[in-house]
Amino acid sequence: MTEVRRRKLDGEEALEDPAGVSASASASTSASTSASAFAAKRNSAADSSDHVDSEEEKIPEEKFVEELAKNLPQGTDKTPEILDSALKDLPDRWKNWVIRGIFTWIMICGFALIIYGGPLALMITASALEFAQARANRIIITLLVQVKCFQEIISIGYQVYRIHGLPWFRSLSWYFLLTSNYFFYGENLVDYFGVVINRVEYLKFLVTYHRFLSFALYIIGFVWFVLSLVKKYYIKQFSLFAWTHVSLLIVVTQSYLIIQNIFEGLIWFIVPVSMIVCNDVMAYVFGFFFGRTPLIKLSPKKTWEGFIGGGFATVLFGILFSYVLCNYQYFICPIQYSEELGRMTMSCVPSYLFTPQEYNLKLLGIGKTLNVYPFIWHSISLSLFSSIIGPFGGFFASGFKRAFKIKDFGDMIPGHGGIMDRFDCQFLMATFVNVYISSFIRTPSPAKLLTQIYNLKPDQQYQIYQSLKDNLADMINLT
C-alpha cells in the first residue's frame with residue numbers, strides 16, 4: 001500500500017505520493033479524473049520545491065532536522081581569535097589537539113578550585129539553619145551544570161517548537177525542571193538536614209507535606225500541557241512532552257544522585273569524576289597517537305587502542321589517586337550536622353574503609369604483607385566501570401547527536417563543545433556510584449533515623465525512647 005504524506009506548500013495542503021505512483025491507479029474509471037487532477041497537483045508541487053523523486057528523498061521530518069542543525073551552536077570548531085591566529089600554521093589535526101589540551105587543563109584547574117572551595121552547598125536560604133557560614137558551593141555547581149546540560153538538550157526540542165509554532169514548549173520545559181528540582185533537592189534536605197529543619201517551625205509544614213506539594217506542582221504543569229494541545233500537532237506535542245521528561249530523567253535524577261554521593265564523603269564524588277576525566281583524556285591520547293582499529297560506528301574516531309589504553313591508565317590512576325585522598329579527613333568523612341557545634345561538619349573517626357589493613361599475599365610461593373586502605377579495592381571496581389561501561393554514555397550521546405545531524409550539544413567550551421558533551425559519561429558514572437554505595441557500603445544513618453523519629457507523635461517517640469532505654473540497660477547488665 002503506497003504511503004501518502006501531507007506537506008504544507010505556499011499555505012495550501014498538498015498530498016504527495018513519494019513513490020511516484022498515483023494513489024488511485026487501481027480505482028474505477030469514474031475516479032480517473034480525480035486521479036489525474038491529483039497527479040497534476042503533485043507534479044506542480046514537485047516543480048516548485050527541491051523534492052527529488054528517488055529512494056533517498058528526504059521526508060519532511062528530515063528536512064526539519066537539517067534546518068534544526070543549522071540553528072544550533074556547534075563548539076568543536078569554535079576557536080578564540082587569539083588562539084586561532086597563534087595556531088594558524090598548524091595542521092587542523094594538531095590545532096584541534098592543542099585547543100582541546102588547553103581547555104582540558106583549564107577545566108581540570110577549575111574543578112580543583114571548586115574542590116578547594118569546600119563541600120557544603122547553600123541549598124536553601126534560612127538564617128535560622130545557620131548555613132550562612134558555609135563557604136562552599138559544590139552542590140550549587142552541580143545544579144548549575146545540571147541546568148546548562150538541560151538547556152542544551154531542550155534547545156534541540158525548542159528548534160522543533162519554533163519550526164512548528166507550538167505553544168508553551170519552552171515555558172513548560174523549564175517549569176518541569178523547577179518542579180523536579182524542588183522534589184529532589186527537597187528529598188535531600190529532608191534526608192540530610194531533617195534534624196535541623198524540624199527545629200524551624202515554619203519549615204515543618206514543607207517537610208511533612210513535601211511529596212504532596214511536589215505532586216501538586218507537577219499536576220499544574222500536566223494540566224497546563226493538556227490545555228496547550230493544538231489540533232494537527234498532537235503527535236509532535238506529545239513527542240516534545242516525552243522529550244522533556246526523558247531530559248529530566250537523564251539530567252535531574254543523575255544530579256540528585258551526585259549530591260547523595262557528595263554527602264557520603266567527597267571521595268565518592270572526586271574519585272569517580274576524576275576517573276571519567278582520566279579515561280576520556282587518556283583514551284584520546286592513545287587514540288591520537290596509536291589509534292588504528294575503529295571501535296564503534298557511532299563514534300568513528302574512537303579506536304580500540306584508545307579504549308584499551310585509556311582503561312589501563314584509568315585503573316592505575318584510580319589506585320594512586322585514591323591512596324592519596326584516603327589520607328585526609330576532608331575527603332573521607334561524610335558531611336553531617338553536628339548538634340554540639342550547631343553547624344555542618346566533616347570531622348570523623350575514619351571508618352574501616354579508610355583505615356589501613358594488613359593483607360597477606362602469596363605469589364609464586366613468596367608471602368608478603370601489604371598495608372592497604374580497603375577503599376583501594378573499591379576504587380578498582382569504580383575504575384573498571386568508568387573505563388569499560390562509562391564510554392557508552394558518550395556513545396549514547398553520539399547516537400543522539402547523529403540523529404539530529406549535529407556535532408556538539410553547544411559551543412561553550414572551544415575544542416570540546418557544550419557542557420553536556422563533557423558530562424555525558426559523568427551521569428552514567430554517578431548512577432553506578434550511588435548504586436554501589438547503597439549495595440556494598442552504606443550503613444544505617446543516625447541522622448535519617450532521627451528525622452523519622454521527630455516526625456512521629458509524642459507517644460510514639462516515648463515508646464521508642466523506653467525501648468532503647470531498656471535495650472541499653474540489658475546490654476550494660478550483660479557486660
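The rules behind the values
- Residues numbered from 1 in each chain as written.
- Predicted model: local features only at pLDDT ≥ 70, side-chain atom pairs only at ≥ 80, totals over all residues.
- Heavy atoms only, no water.
- Helix = DSSP H or I, 4+ residues; strand = E, 2+ residues; numbered from the N terminus.
- Buried < 20%, exposed > 50% of the residue type's maximum accessible area, 1.4 Å probe, protein only.
- Contact = heavy atoms within 4.5 Å.
- Expected span 1.5 Å × (residues − 1).
- Salt bridge = Lys/Arg side-chain N within 4 Å of Asp/Glu carboxyl O.
- Core = buried A, V, L, I, M, F, W, Y, C linked by side-chain atoms within 4.5 Å.
- pLDDT = per-residue confidence, 0-100.
- Disulfide = S-S within 2.5 Å.
- Phe/Tyr/Trp six-rings, centres within 6.5 Å; stacked < 30°, edge-to-face > 60°.

Thoughts on the side chain of Gln 237
Thought 1: Examined against the element boundaries, Gln 237 turns out to sit in helix 9 (residues 234-263).
Thought 2: Gln 237 sits in the buried class, given a relative accessible area of 4%.
Thought 3: Ignoring anything within four residues of it in the chain, the contact list for Gln 237 reads Leu 166, Pro 167, Phe 225, Ser 228, Leu 229 and Val 230.

Brief notes about helix 14 (residues 391-403)
Thought 1: Taking 1.5 Å of rise per residue, 13 residues should cover 18 Å, and helix 14 covers 19 Å from first to last C-alpha, within 8% of that figure.
Thought 2: Within helix 14, the full set of buried residues consists of Pro 391, Gly 393, Gly 394, Phe 395, Ala 397, Ser 398 and Lys 401.
Thought 3: One or two steps after helix 14, the chain reaches Lys 405, where phi turns positive at roughly 55 degrees.

Side note on unusual backbone geometry
Thought 1: At Lys 232, a position not held by glycine, the phi torsion is positive, near 80 degrees.
Thought 2: With respect to the helices, strands and loops of the structure, Lys 232 is situated in the loop between helix 8 (210-227) and helix 9.
Thought 3: Residue Lys 232 is classed as exposed on the basis of its relative accessible area of 64%.

A few points about the pattern of salt bridges
Thought 1: By the definition in use, this model includes one salt bridge.
Thought 2: Across the salt bridge formed by Glu 187 and Arg 211, the nearest N and O atoms sit 2.9 Å from each other. Taken together, the positions of Glu 187 in helix 6 (residues 169-197) and Arg 211 in helix 8 put the pair 24 residues apart, joining distant regions of the chain.

Section: the nonpolar core
Considering soluble globular proteins, one finds that nonpolar side chains tend to be buried as a cluster.
Thought 1: Counting 61 residues, the largest nonpolar core has Ile 267, Trp 268, Phe 354 and Phe 375 as the members making the most contacts within it.
Thought 2: Contributions of two or more residues to this core are made by helix 5 (138-164), helix 6, helix 9, helix 10 (267-290), helix 12 (329-332), helix 13 (374-388) and helix 15 (419-441).
Thought 3: At twelve residues, helix 9 tops the list of elements feeding residues into this core.
Thought 4: Once you skip the residues sitting within four places of it in the chain, Trp 268 turns out to touch Asn 261, Leu 353, Phe 354, Phe 375, Leu 382, Val 433, Tyr 436, Ile 437 and Ile 441.

Topic: the confidence of the model for the protein chain
Thought 1: Averaged over every residue, the pLDDT of the protein chain is 74; the share at 70 or more is 65%.
Thought 2: Across residues 1-60, where pLDDT falls below 50, the model places 56 contacts with residues more than four positions away in sequence or in other chains.

Points about the state of the cysteines
Linking two cysteines covalently via their sulfur atoms produces the bond known as a disulfide.
Thought 1: All chains considered together, the criterion is met by one disulfide.
Thought 2: Disulfide pairing is shown between Cys 333 and Cys 348; the S-S distance is 2.0 Å. On the S-S bond that ties Cys 333 to Cys 348, the torsion sits near -85 degrees, and the link is left-handed. Of this pair, Cys 333 sits in the loop between helix 12 and strand 5 (336-338) while Cys 348 sits in the loop between strand 6 (343-345) and strand 7 (357-363); the two residues are 15 residues apart in sequence, bridging distant segments of the chain.
Thought 3: The buried category is assigned to Cys 333, whose relative accessible area is 0%.

Things to note about the packing of aromatic side chains
Thought 1: In this structure the tally under the stated criterion is 27 aromatic pairs.
Thought 2: Seen from their ring centres, Phe 176 and Tyr 218 are 5.3 Å apart, and the 45 degrees between their planes marks the pair as tilted. Pair noted here: Phe 176 is in helix 6 and Tyr 218 is in helix 8, with a separation of 42 residues, a long-range link.
Thought 3: By relative accessible area, Tyr 218 is classed as partly exposed at 28%.

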